[in-house]
Amino acid sequence: MDIDKKIPVIAIIGPTAVGKTAFSLKLARSLDAEIVSVDSRQVYRYLDVGTDKVDLKTRKEILHHLIDIVDPDQVFSAADFSAQASDAIERIRARGRTPLLIGGTPFYYKALCGSLSDDLPKDEAMRMTLEGEISEHGLAFLYDELTLADSVAASKIHQNDPVRIMRALEIYRLTGKPITWWYEHQKKITTPYDIFYIGLIRGRATLYANIEKRAAAQFDNGYPEEVEWLLLKGYSQKLPALQGFGYRELVKYIQGQCSLEEALNGDVKSTKAFSRRQMTWFKHFEPAVWYDFDTVDIAAALDDALRRSEKHMEGVSE
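Our subject in this report is the structure included herewith. A quick note: this is a predicted structure, and the numbers were derived from the prediction, not measured. (Residues numbered from 1 in each chain as written. Predicted model: local features only at pLDDT ≥ 70, side-chain atom pairs only at ≥ 80, totals over all residues. Heavy atoms only, no water.)

Some thoughts on the nonpolar core
Across soluble globular proteins, nonpolar side chains have a tendency to be buried as a group.
Next, step 1: Judged by nonpolar contacts, the single largest core of 40 residues is most densely connected at Phe81, Leu101, Tyr109, Leu112 and Ile195.
Next, step 2: Elements represented by at least two residues in this core include exactly strand 1 (7–13), helix 3 (78–94), helix 4 (106–112), strand 5 (193–201), helix 11 (223–232), helix 12 (247–254) and helix 13 (260–282).
Next, step 3: The element that contributes the greatest number of residues to this core is helix 3, accounting for 6 residues.
Next, step 4: Each residue touching phenylalanine 81, except ones within four places of it in the same chain, is listed here: Ser37, Val38, Leu66, Phe76, Tyr108 and Leu112.
Next, step 5: Membership of the second largest hydrophobic core comes to 29 residues, among which are Ile12, Ile35, Ile62 and Leu200. (Core = buried A, V, L, I, M, F, W, Y, C linked by side-chain atoms within 4.5 Å. Buried < 20%, exposed > 50% of the residue type's maximum accessible area, 1.4 Å probe, protein only. Helix = DSSP H or I, 4+ residues; strand = E, 2+ residues; numbered from the N terminus. Contact = heavy atoms within 4.5 Å.)

Some remarks on a nonpolar patch on the surface
Next, step 1: A cluster of nonpolar side chains, namely Tyr253, Ile254 and Leu260, defines an oily patch on the protein surface of about 210 Å² accessible area.
Next, step 2: The residue isoleucine 254 is located in helix 12 in this model.
Next, step 3: Its relative accessible area of 30% is what places isoleucine 254 among the partly exposed residues. (Patch = residues over 30% accessible without salt bridge, like charges linked within 9 Å, V, L, I, M, F, W, Y side chains within 5 Å. Areas by Shrake-Rupley, 256 points an atom, 1.4 Å probe, with all protein chains shown as cover. Salt bridge = Lys/Arg side-chain N within 4 Å of Asp/Glu carboxyl O.)

Some remarks on the packing of aromatic side chains
Next, step 1: Taken as a whole and judged by the stated rule, the model has 13 aromatic pairs.
Next, step 2: For the ring pair tyrosine 46 and tyrosine 235, a centre distance of 6.3 Å and an interplane angle of 35 degrees mean the geometry is tilted. Separated by 189 residues along the polypeptide, tyrosine 46 in the loop between strand 2 (33–37) and helix 2 (56–61) and tyrosine 235 in the loop between helix 11 and helix 12 bring together distant segments of the chain.
Next, step 3: Looking at tyrosine 46, the relative accessible area reads 33%, which means it is partly exposed. (Phe/Tyr/Trp six-rings, centres within 6.5 Å; stacked < 30°, edge-to-face > 60°.)

Points about the pairing of strand 5
Put simply, side chains in a regular strand alternate between the two faces of the sheet.
Next, step 1: Counting buried positions along strand 5 yields 7 of 9 residues, so the element is predominantly enclosed.
Next, step 2: Where strand 1 meets strand 5, 7 bridges bridge the pair, whose relative direction is parallel. Paired with isoleucine 10 across the strands is phenylalanine 196, a residue of strand 5.
Next, step 3: Sheet analysis places strand 5 next to strand 6 (residues 288–292), joined by 5 bridges and oriented parallel. For tyrosine 197, the partnering residue across the bridge sits in strand 6 and is alanine 288. (Pairing = 2+ DSSP bridges.)

Right, dumping it as structure tokens:
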């Protein structure tokens, strides 16, 4: 075996609500694959309805990795994901099966491909200080500080994303240099993987309709009760796991700060904005083949994706 040859892996990418899960299950059956979830919210236990996890019956049929691996109050970084995903890929291959990555968290893909450094400093006391400042002054206060310290990073981070805002400021305060500087000067890690990306897209009108339909179904099928249960069990609303879209709106509803309809509308609006940010990242991923489900028959796309995936796993160029 050529020791310099990279490990072939298949990945399915695309914006939320495009249909990645259903497509991945069909492809997994044809490839005899196990799925590695690339989703920064599905790693958390007890966040089920809001993260749209695959049901347990399906997960017994097709093995899934990196779902339900940490509690909502545990820290789980992109570097943690990279380490655990690499371990899962190695074990899947050892069983003679195909690793199939599926998920919509671009940051995790970049970590797995060596585009992020895992040696940047972390300090729990600093993180607690930042959380305290959010409580006292609001998230906008920290975002303004980040904008002054690192306008490039601020332009790439949503102003309502507490996890990435705090991480960027944590690095800046600890090192005196902005996170952008570190990413430009860090030692690049050579990825051991040769990833073939299968991209799924839909027209914006169709995608938005899917988002609205899914959110309404989640709200009707236990989403508010899930968030209420998490709060009753003592999980703080300030945790990154409960700061994501949908969860933060439902926290406000449960606390009497808005109506259920307003929470739903807020969730839909935030999810649509997230889908746009996802595509800003994903459009740069390569090598990739993209299937527009508004114009391409899904069965035909599956056949083509299967053919290309088998060639990739065999090391055959198109």
